[in-house]
Amino acid sequence: MTAMEPAVQPPPRNFSERLTRLTSKAPIHIALLAIAFVWLVPTIGLLVTSFRPRSEIQATGWWTVFGGNIDFTINNYRQVLEQQNMLQAFINSVSIVIPATIFPLLIASMAAFAFAWVKFPFRDTLFLGVIAMLLIPAQMTFIPLSRLVGASGLGGTFIPIWLIHTAFALPFGIFLLRNFFITLPKDLIEAARIDGAGNVGIFRQIVIPLSVPALASYAIFQFLWTWNDLLMALIFAPRQGQPMTVQITQLLGTYGSEWHILAASSFLIMVVPLVVFFSLQRYFVQGLLAGSVK
Amino acid sequence: MTDASATARPIERGGGMPKMSGEFSWTAALFVAPAVALLAIFLLYPTISTIILSFQEGLDNYIRLFTRDPNFFDVRSFPPSGAFWNNVLWVVFYTGGCVFFGLLVAVMATRVRYEALVKAIVFLPQAIAATALGVIWKFVYAPNDQIGLLNAGVGIFGIDPIAWLGNTSWVNTSLIVAGIWGSVGFATVILSAALKGISTEIIEAARVDGARESQIFWRILVPMLSLPISVVAVTLIINVVKLFDLIYVMTQGGPGSTSRTIAFTMYKEALASRNFDYGAAVAVIMLLVLVPVMVFNVRRFRADRVVQ
């Protein structure tokens, strides 16, 4: 863990040594402070703005609140939720994201189990084919799929976007979960087979309970992926069921410089991922890192 | 890292498939059928269909993209311009910037007590939707110096407000800066984890031999981290090829078409302008660009293996 820590260094003997050590590290402290500053300030600026009245935002910079210009309100949030459809958009986001997380979790773990522990013809070829689909960008599918959705008559429902999110999550999910499943102890699965357990039983009673960390990482990654998705939603979400990302881009078009509306809406969309981030940080990081091949 | 690689290695060394057990059974079909059906309908069929569509006019769409569409590929001026070359800019500066800052933060953070805090701050933008990230930076870049932080900042030095996103010479730089800000955390987390695997002894030995900190950084840390660095770089390059949200939110490809990317062009041509076969050709180019990158990524290390 602490390989880079100056572990061999003894504690400072006296004040002057402590001072020398502190000043020798001063450039690092200053640089890190500057980096932390640059990485926090843009977000803080928008957060502060989301609580300022419109007249104040137009008149003075948000940074003046630190000079005592404090005049906060929650009206911006009230306005975007009540008048700008953000409440409905929030509900739409939830309606898209929950099935679009559960379906791939179920379908990918079933397939990954078969690829890891069941023998069937062309298994390896099929698995390679699934992995190859990792490289297909969403853009490759837009034109045929929007025609397909139009022809199917499902255009006004959430079904197309659920299924499309699910399909795009599968190659990565199958890859990730299969790699996890094959690390499970072989003896355990053999023993269960000898005891007469079928594939369904082994999957449900052994593989799934032992794979909770991998499943959680995948679920969190998929949840955030779909929650933050704009592109798929622009094309496949029903007109009456647009999620928050799409709603915000529409507000940008209509209210390009009405920052009280834009700031409050942006924070509403950030709330859920931030809650996930702070409560499930470990899985969150793993999920994001695992997702880096997507 | 040491623990993870120790457990991960047997799988990799096993090469392809693990030794199989169990008999052939029809339940296998039950397990893979839903996945295979969804992939066939929603990925395989559309991909083939898009490729065919892109050749509807023979090679015309491709020839047009690379010779007669200055919005996509223009080499008559210097520097070359168009969406394709914007992506090249992104690959160089966004990838380079993220790796550089990621490494810098990772290395510096190991020397202080508040390492976890610094890394969390830099990582935080990873949790934010690109849509919100776009709004945050649009606000920083606002042309009014009573609203936009950056213009207020340069105003201190007597510089008049600049329309960072409305000025053709600034727009790509401004977008790339916002992109770097969003992705450094990813690079930091991976590189920092890899850094923990480098033994202290090597560093200490170099120090004892009188190596300067900059020499330790460039001659020891960078070479030893070349594998995780390449993993991070490849992931970021894939991000660039798929880059859409930030452009859509912040500039809509403008002013004019100066900040378009390949992925944005595809959306614009196929879905906004309804030039379906032309947009299909752009999508095929995206796929062709991704093939070598993705092959590299899957064959070399995977990011989560380097870390954990």
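Analysis parameters
Residues numbered from 1 in each chain as written. Chains lettered and ligands numbered in written order. Predicted model: local features only at pLDDT ≥ 70, side-chain atom pairs only at ≥ 80, totals over all residues. Helix = DSSP H or I, 4+ residues; strand = E, 2+ residues; numbered from the N terminus. Buried ≥ 20, exposed ≤ 12 C-beta atoms within 10 Å, placed from the backbone. Contact = placed C-beta atoms within 7 Å. Core = buried A, V, L, I, M, F, W, Y, C linked by C-beta atoms within 7 Å. Expected span 1.5 Å × (residues − 1). Axes fitted to C-alpha atoms, helices over the stretch in contact; angles between N-to-C directions. Parallel < 35°, antiparallel > 145°, perpendicular 65-115°, else oblique. Nonpolar A, V, L, I, M, F, W, Y, C, P; charged D, E, K, R; others polar.

Comments concerning the overall build of chain A
Item 1. Each helix and strand counted, chain A has 15 helices and zero strands in total.
Item 2. Burial statistics for chain A: of 294 residues in total, 48% are counted as buried.
Item 3. Excluding contacts between residues fewer than 6 apart, the proportion of contacts in chain A whose partners are at least 24 apart in sequence is 75%.

Some details on the nonpolar core
Item 1. Counting 180 residues, the largest nonpolar core has Ala108, Ala111, Phe113 and Ile174 of chain A as its most contacted members.
Item 2. It is helix α5 (residues 86-117) of chain A that contributes the most residues to this core, 17 residues altogether.
Item 3. Here Phe113 of chain A is in contact with Phe181, Phe203 and Val207 of chain A together with Phe31 of chain B, once residues within four sequence places are set aside.

Topic: helix α14 (residues 259-279) of chain A
Item 1. In this model α14 of chain A runs 29 Å from its N-terminal to its C-terminal C-alpha over 21 residues, within 8% of the 30 Å that 1.5 Å per residue would give.
Item 2. Most of α14 of chain A is tucked away, with 15 of its 21 residues classed as buried.

What to know about the packing of helix α4 (residues 75-82) of chain A against α14 of chain A
All names here are of chain A.
Item 1. Packing of α4 against α14 leaves a shortest axis separation of 9 Å and a crossing angle of 80°. Considering their axes alone, α4 and α14 lie roughly perpendicular with respect to each other. Of α14, the residues touching α4 (which contributes Asn76, Tyr77, Gln79 and Val80) are His260, Ile261, Ala263, Ala264, Ser265 and Leu268.
Item 2. Of the residues belonging to the contact of α4 with α14, the class tally is six nonpolar, four polar and no charged.

Considering unusual backbone geometry
Glycine aside, residues mostly have negative phi angles, and peptide bonds mostly take the trans form.
Item 1. That bond from Phe78 of chain B to Pro79 of chain B is cis: its omega, -5°, falls within 30 degrees of zero.
Item 2. Relative to the elements of secondary structure, Pro79 of chain B occurs in the loop between α3 (60-67) and α4 (83-109).
Item 3. In this model, Gly254 of chain B is joined to Pro255 of chain B through a cis peptide bond whose omega is 0°.
Item 4. Tracing the sequence through the fold places Pro255 of chain B in the loop between α12 (245-250) and α13 (262-272).
Item 5. Of note, Asn85 of chain A is a non-glycine position whose phi angle comes to about 65°, a positive value.

Quick notes on the interface of chain B and chain A
Item 1. Tallying the contact residues gives 86 residues for chain B and 87 residues for chain A.
Item 2. Sorting elements by how many residues they give to the side of chain B that touches chain A places helix α2 (residues 27-54) of chain B first, with 16 residues.
Item 3. Looking at the side of chain B that touches chain A residue by residue, the class counts come to 60 nonpolar, 18 polar and eight charged.

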